[in-house]
Amino acid sequence: MDMIKRPRRLRGNEAIRKMVRETRIDKSSLIYPLFVIDGENIEEEIPSMPGQYRFSVDRLPYELERLTKAGVENLMLFGIPAHKDEMGSQAYAENGIVQRALREGKKQFPGLYYITDVCMCEYTSHGHCGVLCGHDVENDATLELLAKTALSHVQAGADMVAPSDMMDGRILALRRCLDGNGFKETPIMSYAVKYASAFYGPFRDAAGSAPSFGDRKSYQMDFHNRKEGMKEALMDVDEGADIIMVKPALSYLDVISEVSKEINLPIAAYSVSGEYAMVKAAAKMGYIDEAKIICEMAVSTYRAGADIYLTYFAKELAGYMAEGRIG
Ligand code: PBG
């Protein structure tokens, strides 16, 4: 054969394959989502997310220790309150679950970076991401509560806030509120391109946050749409977002790719609860090789253009990177 181009030359052994890798990843870009719950002495496994737990604040330090040992550096905290009400008042309570978790975590493990999810659905009795007017989620009234929630998180020690509610104008509302209260330097990671997705099912079991009626389609995005994702991302850039997130990850690599090409900010991608649950279930059945699938999903997300990866597999991935399986 008279060929001068032979792609296999660069695949001959591990050394050359590593040399020419196009995607390099580092554990500093991993964020681990963690559930904290009101109560004491609680460390309960989430049935739909085997291997993931809800921790009460007194048990949290043990988990933070395990995370630190595994090499995880960044956390995203989700709170599950004992009491939910119409206005989600525990979301912005000074002694709310996330606020207490932050104070404890910051005191005992100040080296970790604490991001908080800012939303109402874990805190409202109806499970929607904002204030209701009849059966509608009222956008502008919700903005005030979101801003209050973000401020109370930052006052309790959050290093960054991440609004996930999908109300219009929330980034500007949060930015103004934080700036007005002396927190000009606290970054906002926007769940900017967040689809109404069945992949959040296991999370809603974990947080008891499934809507009691209807669905989230009047605020989260329709998964038929790609251009709309860019519109959301550009709006949040204009409103002062520091990081733009696409969510979920696995079925949305096209969106990650496009957003990362157009937006000059770090791009985060969230591999959500349903992605985690599918891998766990298939691995348990012996249908797939769990570690290899975790690595391939992670690398493909970065290859698509993500700079930051939120995943329930952060501990495992940090380990695989240290072992040189990926990186
Ligand atoms: C809160 C929120 C959700 C997730 C992150 N923040 C649930 C939802 O929007 O219904 C989903 C995370 C996951 O599935 O892992 N709004």
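Keep in mind the model is a prediction, meaning the values are calculated, not measured. (Residues numbered from 1 in each chain as written. Predicted model: local features only at pLDDT ≥ 70, side-chain atom pairs only at ≥ 80, totals over all residues.)

As a further point, take the site of the ligand. Within the structure, the ligand sits among Asp117, Cys119, Cys121, Cys129, Ser164, Tyr200, Phe203, Arg204, Val272 and Ser273. Partitioned by chemical class, the residues of the shell around the ligand number six nonpolar, two polar and two charged. (Near = placed C-beta within 6 Å. Nonpolar A, V, L, I, M, F, W, Y, C, P; charged D, E, K, R; others polar.)

On the UniProt side, "binding site: 5-aminolevulinate 1" (unreviewed entry) is annotated at positions that read Arg204 and Arg216 here. When you line up the elements, Arg204 lands in helix α6 (residues 201-207). Residue classification places Arg204 among the partly exposed positions, given that 18 C-beta atoms sit within 10 Å. Discounting residues that sit within four places of it in the chain, Arg204 has contacts with Ser209 and Ala210. (UniProt positions renumbered as here; feature names shortened; annotations may be inferred. Helix = DSSP H or I, 4+ residues; strand = E, 2+ residues; numbered from the N terminus. Buried ≥ 20, exposed ≤ 12 C-beta atoms within 10 Å, placed from the backbone. Contact = placed C-beta atoms within 7 Å.)

On to unusual backbone geometry, then. At the junction of Lys247 and Pro248, the peptide bond is cis and its omega measures out at -5 degrees in the coordinates. With respect to the helices, strands and loops of the structure, Pro248 is situated in the loop between β10 (243-247) and α8 (253-262). Even without being a glycine, Asn41 presents a positive backbone phi close to 55 degrees. Position of Asn41 relative to the elements: it lies in the loop between β1 (30-37) and β2 (43-46). Look at Met166: it is not a glycine, yet its phi comes out positive at around 70 degrees. On the basis of neighbour count, Met166 is assigned to the buried category, with 24 C-beta atoms found within 10 Å.

Listed in full, the buried residues belonging to helix α2 (residues 60-70) are Leu60, Leu64 and Leu67. Buried residues of α2, seen end-on, are gathered within an arc of 60 degrees and therefore sit on one face of the element. In α2, the exposed residues that point more than 90 degrees away from the buried face are Tyr62, Glu65, Arg66 and Lys69. On its buried face, α2 is in contact with β1, β3 (49-55), α3 (97-108) and α11 (314-323). A positive backbone phi angle near 95 degrees is found at Gly71, which sits one or two residues after α2. (Arc of directions from axis to C-beta.)

Attention now moves to the UniProt feature "binding site: Mg(2+)" (unreviewed entry) in the protein. Following the UniProt record, one finds the feature "binding site: Mg(2+)" (unreviewed entry) at Glu232. Examined against the element boundaries, Glu232 turns out to sit in helix α7 (residues 227-238). Taking the C-beta count within 10 Å as the criterion, Glu232 has 22 such neighbours and is therefore assigned buried. Glu232 has contacts with Ala192, Val193 and Met221, leaving out every residue within four places of it along the chain.

For β2 and β3, the ladder comprises four bridges, and the chain directions are antiparallel. Paired with Glu44 across the two strands is Arg54, which belongs to β3. Once β2 ends, the chain turns through two residues before running back antiparallel as β3. (Pairing = 2+ DSSP bridges.)

Let us look at the packing of α2 against α3. Their axes nearest at 10 Å, the elements α2 and α3 cross at an angle of 50 degrees. When the axes of α2 and α3 are compared, the pair comes out oblique. Crossing handedness for the pair α2 and α3: right-handed. Contact residues: Leu60, Pro61 and Leu64 in α2; Ala101, Glu104, Gly105 and Gln108 in α3. Each residue belonging to the contact of α2 with α3 can be placed in one class, and the counts come to four nonpolar, two polar and one charged. (Axes fitted to C-alpha atoms, helices over the stretch in contact; angles between N-to-C directions. Parallel < 35°, antiparallel > 145°, perpendicular 65-115°, else oblique. Left-handed = near helix turned anticlockwise from the far one by under 90°.)

Attention shifts here to the packing of α8 against helix α10 (residues 290-304). Helix packing for two helices is described by the angle between their axes and how far apart those axes are. Between α8 and α10, whose axes approach to 8 Å, the crossing angle comes to 35 degrees. Contacts from Leu253, Ile256 and Ser257 in α8 reach Ser300, Thr301 and Ala304 in α10. Across the contact of α8 with α10, the residue classes break down as three nonpolar, three polar and no charged.

Most of strand β4 (residues 74-80) sits inside the fold, with seven of its seven residues counted as buried. Burial of the side chains of β4 extends over both faces: Asn74, Met76, Phe78 and Ile80 are buried on one face and Leu75, Leu77 and Gly79 on the other. Bridge count for β1 against β4 is six bridges, and the pairing is parallel. For Val36, the partnering residue across the bridge sits in β4 and is Gly79. Pairing geometry for β4 and strand β5 (residues 113-118), over four bridges, is parallel. Residue pairing in the sheet places Leu77 in a bridge with Thr116 of β5. Following the backbone out of β4, through α3 and into the adjacent parallel β5, one traces a crossover that is right-handed. (Right-handed = clockwise from strand over helix to strand, strands pointing away.)

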